[in-house]
Amino acid sequence: MPTLTSSYLRPTRQEDQRLYDHLLYCVQTETPEETIERFRRLFIGGRNYDPLDVRIALETLASEKEDEENFYFLLNRCCHILINRWQTQPQNRWAIVQLVEVFRFIPPVGSVQARGARRLRQLVRDFRETEQFLTLQRLARVIGNTIEDRGKLRPLHDRNGEGNLVGTLINRYPYLHEHCLLSQDSSYEHQQTVRQIRDRLQQQFEFDLSHYVTYQVRKAAYSQGDRLIQPVKNPTLLSSRELGVAVRQFSGRIEGDRTHRDMAKNFLTHSLQASSYRNFKEDLYEYLTASVDPQYGNQKFNEKLYDRLKNTLSRYDLQKPNNKLLLRTSSHLLNFLVVESPQRPDHYVFVDLITNLGATPTVVLLLKITLLCNQVKPHLEKRFSILFNHYESSTEEGVPWLVKSMENMHIAFSVHFGSVDLSHLQKML
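These numbers were taken from a predicted model, which means no experiment stands behind them.

**Describing the packing of aromatic side chains**
This model, assessed by the stated rule, comprises 20 aromatic pairs. On the numbers, 6.2 Å between centres and 75° between planes, the contact of Tyr175 with Phe384 is edge-to-face. In this pair, Tyr175 sits in the loop between α7 (131-144) and α8 (177-180) while Phe384 sits in helix α17 (residues 377-390), placing the two residues 209 residues apart along the sequence. Residue classification places Tyr175 among the buried positions, given a relative accessible area of 6%. Judged by relative accessible area, which is 0%, Phe384 ranks as buried. The cationic tip of Arg261 hangs over the ring face of Phe417; the distance from NZ or CZ to the ring centre is 5.8 Å. The residue whose ring lies beneath Lys377 is Phe413, and the NZ or CZ to ring-centre distance is 4.7 Å.

Here's what the structure looks like:
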């Protein structure tokens, strides 16, 4: 799938700026319906466009040979000029979904006569195969699923035709948004837009989670009485039982009066004082395997984990451990436990962990690493985004282990790194 390399992009030129200024003026002065129709006529229609000089400038840019990547950049930027405006207006967010929908219906290239128009239409058709367009589609899914008044979306295609695809779940996982909704050429304004969406959805989930757990506790307390309690919807795709287990595991006390955060703090206080990095890794192995079921760990996993740690950054074995080594070690562990990179997407260890231990204990293992080094959290999010992208076109039913692990990760992140205080969950449980 084509993507952009920052070194390839040329500086903004006069034709580019003419197009950007024109669309910015239109989105500020016209209704979303008018702007969407204008966008369609400009990029997909024929030469019947007013002002004509804008269309001519666009065809000039499209006609430049060997410049497809820059045209994709320009088209993506044009989309985000409109998106960034509508995102700040809740009543107009539906237009973002409608804008992306425009690309679904592009007539054949041969239906236009002018050479420049044919070249333009071909490039717009090819844009649909880029990483930039994929991020636009994901963004449209997120926003489409958060719109309360769906009346404006009725003219769109039948979204049920997509089935229960993993890709349609992107709005459920804000921790994936920066990795899945931004591309290499995303502007600062678009980055801010995605972060605003992420923060809004994350805060809503944390509120819903707190509300649901409170409801479950109250329901249990009054189960023997006749008091009626207003039902609250489970905010996850887990069963009520699975959600209860996850919340207890992530927020409850797991050893005496100590939580996972207490255990991580205690480990750091002790082990960062180790005489050598080699000894630190020995302590880290004990810390991690303490939460792995011995029946599973003693088969092969513990040995593989030990060997992995032993060979990690071994040239530093005689040095004193420090925070930089901790971060690099944590990142190496996530490569081993989850997935390394899009280029090396093997994740047999992760699937084996979930198959044998379950999604919640597996995420506990990842959480323990993250609590040692908060800076590694984006690395963990990135690895989950690699798995999400890998299975985006699969059905939920085909990869239930992935859906359960993403749900558990969302709960774990919310409990330990969220902006809403969920400490009361621990007391309630």
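After presenting the structure, the write-up continues.
**Structural notes on the environment of Gln196**
Along the chain, Gln196 turns up in helix α9 (residues 188-221). Once the C-alpha coordinates of Gln196 and Thr88 are considered, the two residues, 108 residues apart in sequence, prove to be 9.5 Å apart.

**What about the confidence of the model for the chain?**
Mean pLDDT over the chain: 88, with 89% of residues reaching 70 or higher. Low pLDDT (under 50) marks residues 154-161, which in the prediction has seven contacts with non-local residues, meaning those over four places away or in another chain.

**Focus: the pattern of salt bridges**
If charged atoms from side chains of opposite charge come close, those side chains can pair. Taken as a whole, this structure holds 19 salt bridges when the rule is applied. Arg138 is the salt-bridge partner of Glu131, the closest N and O atoms lying 4.0 Å from each other. The salt bridge involving Glu178 is made with Arg198; its shortest N-O contact spans 2.3 Å. With a gap of 20 residues between them, Glu178 in helix α8 and Arg198 in helix α9 connect regions that are remote in the sequence. One salt-bridge network, held together by shared partners, links Glu131, Arg138, Arg141 and Glu392.

**Describing the nonpolar core**
Ranked by size, the top nonpolar core spans 124 residues in total, and within it Phe39, Phe43, Phe71 and Ile411 carry the most contacts. Per-element accounting of this core gives the leading share, 11 residues, to helix α4 (residues 68-87). Setting aside its immediate chain neighbours within four residues, Phe39 contacts Ile44, Leu75, Cys78, Cys79, Leu82, Leu99, Val102 and Phe103.

**A word on the packing of helix α12 (residues 277-289) against helix α16 (residues 359-372)**
Each pair of packed helices gets described by two things: the angle between the helix axes and the distance between those axes. Contact geometry for α12 and α16: axes closest at 9 Å, N-to-C directions at 135°. By the angle class used here, α12 and α16 are oblique. Contacts between α12 and α16 involve Leu284, Tyr287 and Leu288 from the former and Leu365, Lys368, Ile369 and Leu372 from the latter. In terms of residue class, the contact of α12 with α16 is made up of six nonpolar, no polar and one charged.

**Brief notes about the side chain of Asn335**
Tracing the backbone shows Asn335 in helix α14 (residues 323-337). Given a relative accessible area of 16%, Asn335 falls into the buried group. Contacts of Asn335, omitting those with residues within four sequence positions, involve Arg308, Glu340 and Arg383.

**Examining the side chain of Thr312**
Looking at the element boundaries, Thr312 is found in the loop between α13 (294-311) and α14. With sequence-adjacent residues up to four places away left out, Thr312 is seen in contact with Tyr277, Lys281, Thr329 and His332.

**Here we look at helix α18 (residues 400-417)**
With 18 residues, α18 should cover 26 Å at 1.5 Å per step; its first-to-last C-alpha distance of 25 Å lies within 8% of that length. Here α18 lies mainly inside the structure; 15 of its 18 residues are buried.

**Brief notes about the environment of Gln91**
Within the element layout of this structure, Gln91 appears in the loop between α4 and α5 (94-101). The class for Gln91 is exposed, based on a relative accessible area of 55%. Measuring from C-alpha to C-alpha, the distance between Gln91 and Ile147 comes to 8.8 Å, with 56 residues separating the pair along the chain.

**Thoughts on the packing of helix α1 (residues 14-29) against helix α3 (residues 52-63)**
Contact pair α1 / α3: the axes reach a minimum separation of 9 Å and the direction vectors enclose 135°. Between α1 and α3, the angle is such that the two are oblique. Considering only the axes of α1 and α3, their crossing is left-handed. Mapping the contact onto sequence places Glu15, Asp16, Arg18, Leu19 and His22 in α1 and Asp53, Val54, Ala57, Leu58 and Leu61 in α3.

**Quick notes on α4**
Spacing of three or four residues puts side chains on the same side of an α-helix, whose turn is 3.6 residues. When the terminal C-alpha atoms of α4 are compared, their 28 Å separation across 20 residues agrees well with the 28 Å that a helix rising 1.5 Å per residue should span. Most of α4 sits out of view: 16 of its 20 residues are buried.

**With respect to unusual backbone geometry**
Geometrically, the link from Asp50 to Pro51 is a cis peptide bond, its omega value of 5° lying close to zero. Considering the arrangement of structural elements, one finds Pro51 in the loop between α2 (32-43) and α3. In this structure, Leu313 takes a positive phi of about 50° despite not being glycine. Relative to the assigned elements, Leu313 resides in the loop between α13 and α14.

Scoring rules and cut-offs
Residues numbered from 1 in each chain as written. Predicted model: local features only at pLDDT ≥ 70, side-chain atom pairs only at ≥ 80, totals over all residues. Heavy atoms only, no water. Phe/Tyr/Trp six-rings, centres within 6.5 Å; stacked < 30°, edge-to-face > 60°. Helix = DSSP H or I, 4+ residues; strand = E, 2+ residues; numbered from the N terminus. Buried < 20%, exposed > 50% of the residue type's maximum accessible area, 1.4 Å probe, protein only. Lys NZ or Arg CZ within 6 Å of the ring centre and 35° of its normal. pLDDT = per-residue confidence, 0-100. Contact = heavy atoms within 4.5 Å. Salt bridge = Lys/Arg side-chain N within 4 Å of Asp/Glu carboxyl O. Core = buried A, V, L, I, M, F, W, Y, C linked by side-chain atoms within 4.5 Å. Axes fitted to C-alpha atoms, helices over the stretch in contact; angles between N-to-C directions. Parallel < 35°, antiparallel > 145°, perpendicular 65-115°, else oblique. Nonpolar A, V, L, I, M, F, W, Y, C, P; charged D, E, K, R; others polar. Expected span 1.5 Å × (residues − 1). Left-handed = near helix turned anticlockwise from the far one by under 90°.

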